[in-house]
Amino acid sequence: MGKISTSKKRRHPFVPEAMTAPDAVLSASDFIWVGPDAEKQDLIARPSIGYWQDAIRRLRQNKAAMVSIGVLLFIMAMAIIVPLVSPYTISEQHLTHMNQGFFSVCEGNDGTEHLHIFGTDTLGRDLFVRTFHGARTSLVIAYSAVFINLVIGVFYGCICGYIGGTTDLVGMRLVEILNGIPYLIIVILMMMVLPQGIWTMVIAYGIIGWIGMARMTRGQILALKQNEFVIAARALGASSRRIIVQHLIPNTLSVVIVNITLSIPGAIFTEAFLSYIGMGVPIPEASWGTLAQEGVNYLQTYPEQLFIPAFFISITMLAFNILGDGLRDAFDPRLRR
Amino acid sequence: MVKYIVKRMIFALLTISALVLITFLMMQALPGDPFIGDKAINPVTLEALYAKYGLDRPFWEQFYQYFTNIFKGDLGISIKYNRPVTSIIAESFPASAELGLRSLVLAVILGIGLGVLAAVKRNTRWDTSAMLIAVFGVSVPSFIVGAMLQYLLAIKLRDWFGSTPFPVMGWKTEAAKFMPALALSLSSLATVARLMRTSMLDVLGQDYIKTAKAKGLSPAGIIRRHAIRNAILPVITVLGPITATVLTGTFVVENIFNIPGMGKFFVRAIKENDYTLIAGITIFYGAFLIAAVFIVDILYGVIDPRIKLSESKE
């Protein structure tokens, strides 16, 4: 580094020898301002930005995606908090106070008044707590189902893509055949066999929903395994398992994250759809789908009973879709249009 | 080309067989018994009923019987209605098919229109609003759209103006058919619009568009004759999947609008544990969709000869 500075032009004069002597007397006027240090100017001023930091920075600039994150965090927070702090339970009935609108005040038997923020349904149950309890159910189903998809899909895709050859051929043909059958039909069939409940839905959707993830992971692995770093890792004696876990999967992560975000709305939709045709969580449990299904019967007289769950289903799916698009743009700006 | 068709066909047949097997396995594993209801039943009668419907024979025999019957066009007899499943399908399918076709046509025409508009007016207000509609379309489930349409077009219009051409439900008039078709088409419409926009932007950047411009063709002529025709190709590939979306969507939409289609029978059959009807409709739906995807695949190969190249490389 020293050489760089001597090669640059110095603007101050050569320091006289008298000044460097041990007994020299120095005053402020003996010093002159030399300007910014040439050496420091050559240094890289900002820390280098990694792939993930870059993506996060790009995502932050995407207003729609940031709003979506905010909305989703809000709904999730409400789903956790509201059922905990609400004075009502999901099945508690207020028989003198049925089918009431927003912010209705109900008088209890003991003369006390209490507020129903979203009103009550036909059985006099508080819709505010039911809506956010429903959010819990719907989101738990969606997240768990997508998590199962992720595990099976990535595992299956990695095996097929990495091993290749006959394994890949057979594996992908199997996927192609399964993919030909509309997934909702299989989910409905499975729902009929298994007992009703949250985890049935998770299993029914999780077991069939991984196909997209498997195909995508396989494609990524196929492209990645040609890369030099994989050859280098193998030359250094890394096992296949280590190559997959340490080198290949981390590189597919961005695509996987986008895929997960975009498949959550699908899971939410499936839950709502199944509840709607009468295969949802058993009563008196609430999910957004069952709330919508109960609400649609009273559409003509009390439309808000449908509109509340419909609003939350739609806004959540919308937020996940926008966030997914935003993540895709952030991870790979070339895809942006 | 022939090789491609044969290959696709084998796949379609394998898929249908897998579907039949899965359906049959599920039906075997189902809890509940179609003959045990509210009324007490004599064990001898029960045995006779089992024998009549072949439920006492071993698993593989039942499966073999079922499988061969399907290829003969026999889907069994509905347990609740006591009539052939095929006749129920024949009676209810036309309404479902009409609904499906109407929403497919709406989805494709409106979707392509929106996509072209968005691409041509790229980065303007038009583009933003078209893509906003598309994102909404993907995010709002069809049954919610259906209920909203019912509420706005049938109930609210009547409240405001005293009368409305749209009935709350039914399947008689053109106006009555429009609402469920629109509700069902929205998500497919959105898919088509997004794809069309991307594809259109691709095409508009091609050299032959520049050539056409340099030759002095009118912008409208370029878009109509050169851009749309080329950009429409990828849309054909999603026709298969969106047919599936539309058809499974009919399950709920038919129930909301009280349309006498297969979806209504299917949902009722689920509630009534009518094994044979569920299995029959499932297989019919599945086979129909697999056939639709097969036709779309072949169509795509015929329309775009480049597809053969990528196939032979594989």
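Visitor: Explain the overall build of chain B to me, please; I cannot follow it from the model alone.
Guide: A count of helices and strands for chain B gives 13 helices and zero strands. Listing each helix as α and each strand as β along chain B from the N terminus yields α-α-α-α-α-α-α-α-α-α-α-α-α. Projected onto the principal axes, the alpha-carbon positions of chain B cover approximately 85 × 65 × 25 Å. Expressed as a percentage of its 314 residues, the buried residues of chain B come to 47%.

Visitor: When you look at the overall build of chain A in this model, what are you seeing that I'm missing?
Guide: Counting its regular elements, chain A contains 14 helices and two strands. Counting the 337 residues in chain A, one finds 46% classified as buried. Relative to all contacts within chain A whose residues are 6 or more apart in sequence, the contacts with residues 24 or more apart total 68%. Here chain A displays about 17900 Å² of accessible surface, and carbon together with sulfur accounts for 63% of that area.

Visitor: What exactly am I supposed to notice about the interface of chain B and chain A here?
Guide: For an interface, size is often stated in terms of accessible area lost upon the parts coming together. On the side of chain A, 38 residues touch chain B, which itself brings 50 residues to the contact. Surface buried jointly by chain B and chain A totals about 3800 Å² across both partners, of which 79% is contributed by carbon and sulfur atoms. It is Phe11(B), Met26(B) and Phe143(B) that lose the most area in chain B upon contact with chain A, and together they represent 14% of the buried surface on that side. Applying the counting rule to chain B against chain A returns two salt bridges. We note a salt bridge from Arg194(B) to Asp325(A), for which the minimum N-O separation is 2.4 Å. Where chain B packs against chain A, one counts three residue pairs in polar contact (both at pLDDT 80 or more). Sorting the residues of the side of chain B that touches chain A by element identifies α1 (2-29), α5 (125-139), α6 (142-161), α7 (174-204), α10 (233-257), α11 (262-272) and α12 (275-303) of chain B as the ones contributing at least two each. Examining the composition of the side of chain B that touches chain A, we find that eleven residues originate from one element, α1(B), more than from any other. Partitioning the side of chain B that touches chain A into residue classes produces 33 nonpolar, nine polar and eight charged.

Visitor: Help me understand the confidence of the model for chain A in this model?
Guide: Do not read the predicted coordinates in detail wherever pLDDT is low. Residue and element names in this part refer to chain A. Of all residues in chain A, 89% have pLDDT values of 70 or greater, and the mean over the chain is 81. Ranking the helices and strands of chain A by mean pLDDT puts helix α11 (residues 228-235) first, with 90, and helix α1 (residues 2-7) last, with 44. Of the regions scoring below 50 in pLDDT, residues 1-9 engages in seven contacts with residues more than four places distant in sequence or in other chains.

Visitor: What exactly am I supposed to notice about α5(B) here?
Guide: Under the 1.5 Å per step criterion, the end-to-end length of α5(B) is 21 Å for 15 residues, consistent within 8% with the ideal 21 Å. At its buried positions, α5(B) is contacted by α14 (304-331) of chain A together with α4 (85-120) and α7 of chain B.

Visitor: Would you mind showing me how to read the packing of α4(B) against α7(B) here?
Guide: The description of two helices packed together rests on the angle between their axes and the distance between the axes. Residues and elements named next belong to chain B. Relative orientation of the contacting elements α4 and α7 amounts to 35°, with a least axis distance of 4 Å. Considering the relative orientation of α4 and α7, their crossing is right-handed. Here the residues of the contact of α4 with α7 sort into 23 nonpolar, five polar and five charged.

Visitor: Explain the domain arrangement of chain B to me, please; I cannot follow it from the model alone.
Guide: All names here are of chain B. Taken domain by domain, chain B comprises domain 1 (2-90 + 265-313) and domain 2 (92-242). Each of domain 1 and domain 2 was reduced to a C-alpha centroid, and the two centroids are 33 Å apart. With twelve residues of domain 1 in contact, the opposing surface of domain 2 contributes nine residues. For the pair domain 1 and domain 2, the summed buried surface comes to about 940 Å²; carbon and sulfur atoms form 76% of the total. When the area that domain 1 buries against domain 2 is broken down by residue, the three leading residues are Val296, Tyr300 and Ile303, summing to 42%. Where domain 1 packs against domain 2, one counts three residue pairs in polar contact (both at pLDDT 80 or more). For the side of domain 1 that touches domain 2, the secondary structure elements donating two or more residues are α4 and α12. Grouping the amino acids of the side of domain 1 that touches domain 2 by side-chain chemistry returns ten nonpolar, no polar and two charged.

Visitor: How should the packing of helix α6 (residues 127-163) of chain A against helix α10 (residues 211-224) of chain A be read in this particular structure?
Guide: Residue and element names in this part refer to chain A. Put simply, α6 and α10 touch, their axes get as near as 7 Å, and they point 40° apart. With respect to each other, α6 and α10 are oriented oblique. For α6 against α10, the interelement crossing comes out right-handed. Taking contact as the criterion, the partners of Asn149, Leu150, Gly153, Val154, Tyr156, Gly157, Cys158, Cys160, Gly161 and Tyr162 in α6 are, on α10, Met213, Ala214, Thr217, Arg218, Ile221 and Leu222. Residue composition of the contact of α6 with α10, by class: ten nonpolar, five polar and one charged.

Visitor: Explain the nonpolar core here, please?
Guide: A general tendency of soluble globular proteins is for nonpolar side chains to be buried together. In terms of nonpolar packing, the biggest core is built from 147 residues, with Ile188(A), Phe273(A) and Phe143(B) touching the most fellow members. No other element matches α14(A), which puts twelve residues into this core. Residues from two domains meet in this core; each of domain 1 (2-90 + 265-313) and domain 2 (92-242) of chain B gives at least three. For Phe273(A), the contacting residues outside a window of four places in its chain are Leu184(A), Ile188(A), Phe143(B), Thr248(B), Phe251(B) and Val252(B). Grouped together as the second largest cluster of nonpolar side chains are 15 residues, Leu224(A), Ile243(A), Ile244(A) and Val256(A) included.

Visitor: Hey, could you run me through the packing of aromatic side chains in this one?
Guide: How two aromatic rings sit relative to each other is given by the distance of their centres and the angle of their planes. Counted according to the given criterion, the structure contains 24 aromatic pairs over all chains. Look at Phe273(A) and Phe251(B): their rings are 6.2 Å apart centre to centre, the planes differ by 45°, and that puts the pair in the tilted class. One end of the pair, Phe273(A), is in helix α12 (residues 240-276); the other, Phe251(B), is in helix α10, on a second chain. Phe273(A) sits in the buried class, given a relative accessible area of 0%.

Visitor: Would you explain unusual backbone geometry in this entry?
Guide: All names here are of chain B. Residue Asn123 is not a glycine yet carries a positive backbone phi of 60°. Tracing the backbone shows Asn123 in the loop between α4 and α5. One non-glycine residue, Asn258, lies in the positive phi region at around 55°. Checked against the element boundaries, Asn258 lands in the loop between α10 and α11.

What counts and what doesn't
- Residues numbered from 1 in each chain as written.
- Chains lettered and ligands numbered in written order.
- Predicted model: local features only at pLDDT ≥ 70, side-chain atom pairs only at ≥ 80, totals over all residues.
- Heavy atoms only, no water.
- Helix = DSSP H or I, 4+ residues; strand = E, 2+ residues; numbered from the N terminus.
- Buried < 20%, exposed > 50% of the residue type's maximum accessible area, 1.4 Å probe, protein only.
- Contact = heavy atoms within 4.5 Å.
- Areas by Shrake-Rupley, 256 points an atom, 1.4 Å probe, with all protein chains shown as cover.
- Buried area = accessible area lost by both parts, 1.4 Å probe.
- Salt bridge = Lys/Arg side-chain N within 4 Å of Asp/Glu carboxyl O.
- Polar contact = N/O pair within 3.5 Å; in protein donor to acceptor, adjacent residues only side chain to side chain.
- Nonpolar A, V, L, I, M, F, W, Y, C, P; charged D, E, K, R; others polar.
- pLDDT = per-residue confidence, 0-100.
- Expected span 1.5 Å × (residues − 1).
- Axes fitted to C-alpha atoms, helices over the stretch in contact; angles between N-to-C directions.
- Left-handed = near helix turned anticlockwise from the far one by under 90°.
- Domains from an automatic or database assignment.
- Parallel < 35°, antiparallel > 145°, perpendicular 65-115°, else oblique.
- Core = buried A, V, L, I, M, F, W, Y, C linked by side-chain atoms within 4.5 Å.
- Phe/Tyr/Trp six-rings, centres within 6.5 Å; stacked < 30°, edge-to-face > 60°.

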